[in-house]
Amino acid sequence: MDPLIFGFLLSDGLISGALYALVALALVLVFAVTRVILIPMGEWVVFAPLTQAVLLEGRLPGTVWLSAGLLLVWAVLDRRRGRTPLLLALAAALVVAAGYLGLAVPALAPLVAILVVLPLGPANFRLFFEPLPGATVLVYLILAVGLHFVYKGLGLAFFGPEQFGLPALLPGEASVFGLPVPRQGVLMVVAAGALMAALYLFFARSLFGKALRAAAVNRIGARLSGISVREAGRVAFLLATGIGALAGVLVAPLSNASYEMGFLLGLKGFVAAIVAGLSSYPLAVAGGVLVGVLESFSSFFASAYKEAIVFALLLPVLAWRSVSSLALEEEE
Amino acid sequence: MRKGLVWLGAFVLSAALAQAEVRIGVTLSATGPAASLGIPEKNTLLLIEAGRLDRMPKGVKVRFFILDDGTDPTAAVKNTQKLIQENRVHLIIGGTTSPNSLAMIDAVAEAGVPFISLAAAKAIVSPVDEKRYWVFKTPQTDELMSQAVVQDMVARGFKTVAYLGFNTAYGEGWAREFEKAAKAAGLRVVASERYSPKDTSVTGQVLKILSRRPDAVLIGAAGTPAVLPQRTLVEKGYKGQIYQTHGVANPAFLKVGGRFVEGTLLPAGPILVAAQLPDAFPSKRVALTYIAAYEAEHGVGSYSTFGGHAYDAWLIARSAIERALGAADPGDLAAFRKALRDAIEGTQGVVGTHGVFNLSPTDHLGLKFEDAAVIVRVKDGKWVLERSFR
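Note that the coordinates shown come from a computational prediction; the quantities given were computed from them, not determined experimentally.

### Details of the overall build of chain A
- Assigned secondary structure in chain A consists of 15 helices and four strands.
- Against the compact-globule benchmark of 20 Å for 332 residues, chain A has a radius of gyration of 20 Å, which places it among compact chains.
- In terms of overall dimensions, chain A has C-alpha extents of about 65 × 55 × 35 Å along its principal axes.
- For chain A, buried positions account for 49% of its 332 residues.
- Here the analysis covers contacts within chain A between residues at least 6 apart in sequence; of these, 73% occur between residues at least 24 apart.

### Thoughts on the nonpolar core
- Core analysis: the largest hydrophobic core is formed by 225 residues, its most contacted members being Ala21, Val23, Ala24, Leu27 and Val30 of chain A.
- Looking at this core, the element that brings in the most residues is helix α1 (residues 3-34) of chain A, giving 19 residues.
- There are two domains that each give this core at least three residues, and those are domain 1 (2-140 + 289-366) and domain 2 (142-268) of chain B.
- Non-local contacts of Ala24 of chain A, meaning those with residues more than four positions away in its chain, are made with Gly269, Ala272, Ala273, Ala276, Ala284, Gly287 and Gly288 of chain A.

### What to know about the interface of chain A and chain B
- If you look at the interface, chain A gives 23 residues, while chain B gives 26 residues.
- If you list the elements that add at least two residues to the side of chain A that touches chain B, you get α1, β1 (164-165), α12 (261-275) and α13 (281-301) of chain A.
- Sorting elements by how many residues they give to the side of chain A that touches chain B places α1 of chain A first, with five residues.

### Observations regarding the pairing of strand β14 (residues 382-388) of chain B
Residue and element names in this part refer to chain B.
- Relative to β14, strand β13 (residues 374-379) runs antiparallel, the two sharing six bridges. Paired with Lys379 across the two strands is Lys382, which belongs to β14.
- Connecting β13 to the next strand, β14, in antiparallel fashion are two residues, including Asp380 with a positive phi near 50°.

### Focus on the environment of Asn43 of chain B
Residue and element names in this part refer to chain B.
- With respect to the helices and strands, Asn43 occurs in helix α2 (residues 35-49).
- In the structure, Asn43 is positioned 96 residues away from Pro139 in sequence and 17 Å away in space, judged by C-alpha atoms.
- Residues within four places of Asn43 in sequence aside, it is in contact with His298 and Gly307.

### Thoughts on the packing of α2 of chain B against helix α11 (residues 305-324) of chain B
Residue and element names in this part refer to chain B.
- Packing of α2 against α11 leaves a shortest axis separation of 7 Å and a crossing angle of 40°. Put simply, α2 runs oblique to α11. With respect to the hand of their crossing, α2 and α11 are arranged in right-handed fashion. Contacts between α2 and α11 involve Leu37, Pro40, Glu41, Asn43, Thr44, Leu45 and Ile48 on the former and, on the latter, Phe306, Gly307, His309, Ala310, Tyr311 and Trp314.

### Re the environment of Pro61 of chain A
Residue and element names in this part refer to chain A.
- As for its placement among the helices and strands, Pro61 is situated in the loop between α2 (41-56) and α3 (62-77).
- The exposure class assigned to Pro61 is buried, which follows from the 24 C-beta atoms found within 10 Å.
- Considering only alpha carbons, one finds Pro61 and Ala93, 32 residues apart in sequence, at a separation of 15 Å.
- Discounting chain neighbours no more than four positions away, the residues touching Pro61 are Thr51, Val54, Leu55 and Phe158.

### Overview of unusual backbone geometry
- Note that the residue after Ser126 of chain B, namely Pro127 of chain B, is joined by a cis bond; omega there is -5°.
- Positive phi outside glycine occurs at Leu278 of chain A, with the angle close to 55°.
- The phi dihedral of Thr71 of chain B falls on the positive side, at around 60°, and the residue is not glycine.

### Considering α2 of chain A
All names here are of chain A.
- When the terminal C-alpha atoms of α2 are compared, their 24 Å separation across 16 residues agrees well with the 22 Å that a helix rising 1.5 Å per residue should span.
- The sharpest bend along α2 reaches about 25° and sits at Phe47, with the proline Pro49 one to four residues further on.
- Just beyond α2, the residue with positive phi is Gly58, at close to 85°.

### Description of the packing of α2 of chain A against helix α7 (residues 137-159) of chain A
All names here are of chain A.
- Contact geometry for α2 and α7: axes closest at 11 Å, N-to-C directions at 10°. The orientation of α2 with respect to α7, classified from their angle, is roughly parallel. Counted together, Glu43, Phe47, Leu50 and Val54 of α2 and His148, Tyr151, Lys152, Gly155 and Phe159 of α7 form the full contact between these two elements.
- Residues that form the contact of α2 with α7 fall into these classes: five nonpolar, two polar and two charged.

Cut-offs used in this document
- Residues numbered from 1 in each chain as written.
- Chains lettered and ligands numbered in written order.
- Predicted model: local features only at pLDDT ≥ 70, side-chain atom pairs only at ≥ 80, totals over all residues.
- Helix = DSSP H or I, 4+ residues; strand = E, 2+ residues; numbered from the N terminus.
- Rg over C-alpha atoms; globule rule 2.2 N^0.38 Å.
- Buried ≥ 20, exposed ≤ 12 C-beta atoms within 10 Å, placed from the backbone.
- Contact = placed C-beta atoms within 7 Å.
- Core = buried A, V, L, I, M, F, W, Y, C linked by C-beta atoms within 7 Å.
- Domains from an automatic or database assignment.
- Pairing = 2+ DSSP bridges.
- Axes fitted to C-alpha atoms, helices over the stretch in contact; angles between N-to-C directions.
- Parallel < 35°, antiparallel > 145°, perpendicular 65-115°, else oblique.
- Left-handed = near helix turned anticlockwise from the far one by under 90°.
- Expected span 1.5 Å × (residues − 1).
- Bend = angle between axes of the 7 residues up to and from the residue.
- Nonpolar A, V, L, I, M, F, W, Y, C, P; charged D, E, K, R; others polar.

Written out as structure tokens, the structure reads:
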């Protein structure tokens, strides 16, 4: 293999790896705070670029009404909580307004798309997971799998079976160590790095981030210190959807986007999250990059077995984790 | 007593009416991932049912039962059983995708109902065994289309070729048939790679192909997911000729592909470029009539090759129904199903939108390569006839 091909494969792997790393971060965050394995994450990741694509075609995508509708249902559920329902109804109106703004100003479409997808996470948490506090991981998992099927079906209904091409946010190619790499790919990697740094600062420095970490480490202890675990769950879902939607909008112009792609993206992010034992953020990032690079090189050497190779990565990781880690079950 | 007589009369009358009725069951993928194929097929059959595309067979009333299987083989089999048992149909048309059609074979063979499939794979009708005795189809096989691609490659003087296709039944079928035909014609297949229709990157596969420097690359994919490998090839600076398969012959491919798919060559049914065909081309007139009727209902540029397959299935069915009526009575379900099967197998010289159908006990497709395939080039975002093999 000559160095040029090696460089191309590595850069391709790093770009996909950045995407998987972000998805893995979101999955770890949600699992740590709420014990939910967020299977529909992949669907939300592709909903953002698909929303953008439909906006660019001059139609109002179904996700706008879905987001606004879920927010309104949430408002009805929380109708006795002071100003909350009013704020939620306002947010719903804002989502619809953003949708029309995206129609009028195509340049804002990526931003609008993220904004439209953003409420899906917290609204789903409020509607489906919050009414079951303290349920087992298995119950949450079954619920999440159900939601995955619902969102996959909705994706087909909203966007149709075909793929969409999206214009690059940064067109053209940049030269990295003498290697031509699409600028959009560089943007993806840089944005992923910046997002990770921001998350680190958020968790290490801000009170809110520390509260989230506390809720993740020990829920009872957190509640005794006056931290609302429900609130923490909503924020975790909000952050996760935000990370996912941003990653989706950044990566979609590099390939095309279709409703079917989400599940596989989510699954590969999940493999990365498993590498991190669903608990360590730095390991999740490393896992994402590992999955991306492994995928890129195996698609060169044995394309027919690419998927099998990526998912077979789970076996040694799980074996190693079960041998090396002590059985630490959280007591509730 | 009088009431009983009325009932008896009604029963006799309805039996007499039912005798003059031929029922055609249809299961299509009008929703789900193959919807862009299933919808034009459904529209075509609806136009036929309304009598706006073609005349009805003489001396009999035809009733359609059209169901949707959502691109799900299990649902396609369920629909088939429902059509056979509840609607007591004489003939089944449908099975938009190859997996759906293959799944339906057992059900129709068991019940002894003739079935005209609208899917591509050769395995649907070949070899004609005990089960496939009941199964026919109208679309060109991957084998026939591979022949067109290979002949075109040889004519252009290419020596080395590479293949990059779906890791599904469609891509594997093309890989098998194309590589067989290429070897037979003396072409060297220097790389054979796979990718998933849901993949977001095919850089690895494309780099491997580039490192082998083939004169031409064939992408064995269907619909819009066929754009990504071509786009990556172009972006990575591939200068050779890129071929696609007839699975991309719909407007969405051109829209998503844009400048990346300019200059692509693909094999296609002649209906795709019907207006550009020489007048001597046997299917030209039928294809133009079909397109005019379809576009009158659904708008200019709305027709696709897939609706043409459904129309061809109907043309075979109509001629067969007329001949079968002499051999059996539609009131006798089993006998008429058998007579209809024999009549379909005896189809000779039926001119459709994709070619001329001459079926035989060993050939349940009956298309001749020269009439059924042309090479088309994508030029300025349009399909342009490159060459025919006649």
